[in-house]
Amino acid sequence: MRSRQLDPGRLPAGTYLNTGVTATNALRLNRFCYDLRHASKRDAFMANPEAAMAPYDLAPEDRALVLAHDWIGLVRRGANVFPLLRLSQLCGDGLAATGAQMRGETLEEYLASRNSRKEAP
């Protein structure tokens, strides 16, 4: 990819470039996550995750990552973080737990980094 604004080879660690190709490859995965806005889809997923994913024809890698609750793995595969949060919350991981996993930290480490206000001397 050529860009006048960034050099993909010099991205900060933990940055995953979402290009048109990546987004196209993840379209089914993102549609699945987006459709979880419907209670019936959420109920179906909770009852039988494999059956709920079947109509979306997800790649085997994506299905495995969903079942493993591997949120950062899904982001690396092109999942959009906003619909992905629907899925992570449905699976019992709140925003903080999802953020911690994406940073490779425990929930406690992540929460401590969020409360980093300096005390005045």
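Look up: the structure comes first, before these words.
The rules we used
Residues numbered from 1 in each chain as written. Predicted model: local features only at pLDDT ≥ 70, side-chain atom pairs only at ≥ 80, totals over all residues. Heavy atoms only, no water. Salt bridge = Lys/Arg side-chain N within 4 Å of Asp/Glu carboxyl O. Buried < 20%, exposed > 50% of the residue type's maximum accessible area, 1.4 Å probe, protein only. Helix = DSSP H or I, 4+ residues; strand = E, 2+ residues; numbered from the N terminus. Phe/Tyr/Trp six-rings, centres within 6.5 Å; stacked < 30°, edge-to-face > 60°. Lys NZ or Arg CZ within 6 Å of the ring centre and 35° of its normal.

## Let's talk about the pattern of salt bridges
Using the criterion set out here, one finds 6 salt bridges in the structure. For Arg-37, the salt bridge is made with Asp-35, and the minimal N-O distance between the two is 3.2 Å. Given a relative accessible area of 34%, Arg-37 falls into the partly exposed group. Since its relative accessible area comes to 12%, Asp-35 is described here as buried. The partner of Glu-61 in a salt bridge is Arg-77, and the shortest N-O contact between them spans 4.0 Å. In this pair, Glu-61 is assigned in helix α5 (residues 60-67) and Arg-77 in the loop between α6 (71-76) and α7 (81-90), connecting sequence segments 16 residues apart. Residue classification places Arg-77 among the partly exposed positions, given a relative accessible area of 35%. Each of the salt bridges in this network shares a partner with another, and the network as a whole consists of Arg-31, Asp-35 and Arg-37.

## Side note on the packing of aromatic side chains
Geometry of an aromatic ring pair is reported as the spacing of the ring centres plus the angle between the planes. The full count for this structure, using the stated rule, is 2 aromatic pairs. Measuring from ring centre to ring centre gives 5.8 Å for Phe-32 and Phe-45, while their planes differ by 55 degrees; the resulting arrangement is tilted. A residue pair is termed long-range when its members are at least 10 positions apart, and Phe-32 in helix α2 (residues 27-35) and Phe-45 in helix α3 (residues 39-47) qualify at 13 residues. Grouping residues by exposure puts Phe-32 and Phe-45 together as buried. An aromatic cluster is built from Phe-32, Phe-45 and Tyr-56, whose rings are joined through pairwise contacts. A cation over an aromatic ring shows up here: Arg-114 above the ring of Tyr-110, its NZ or CZ 4.9 Å from the ring centre.

In short, geometric facts, not functional conclusions.
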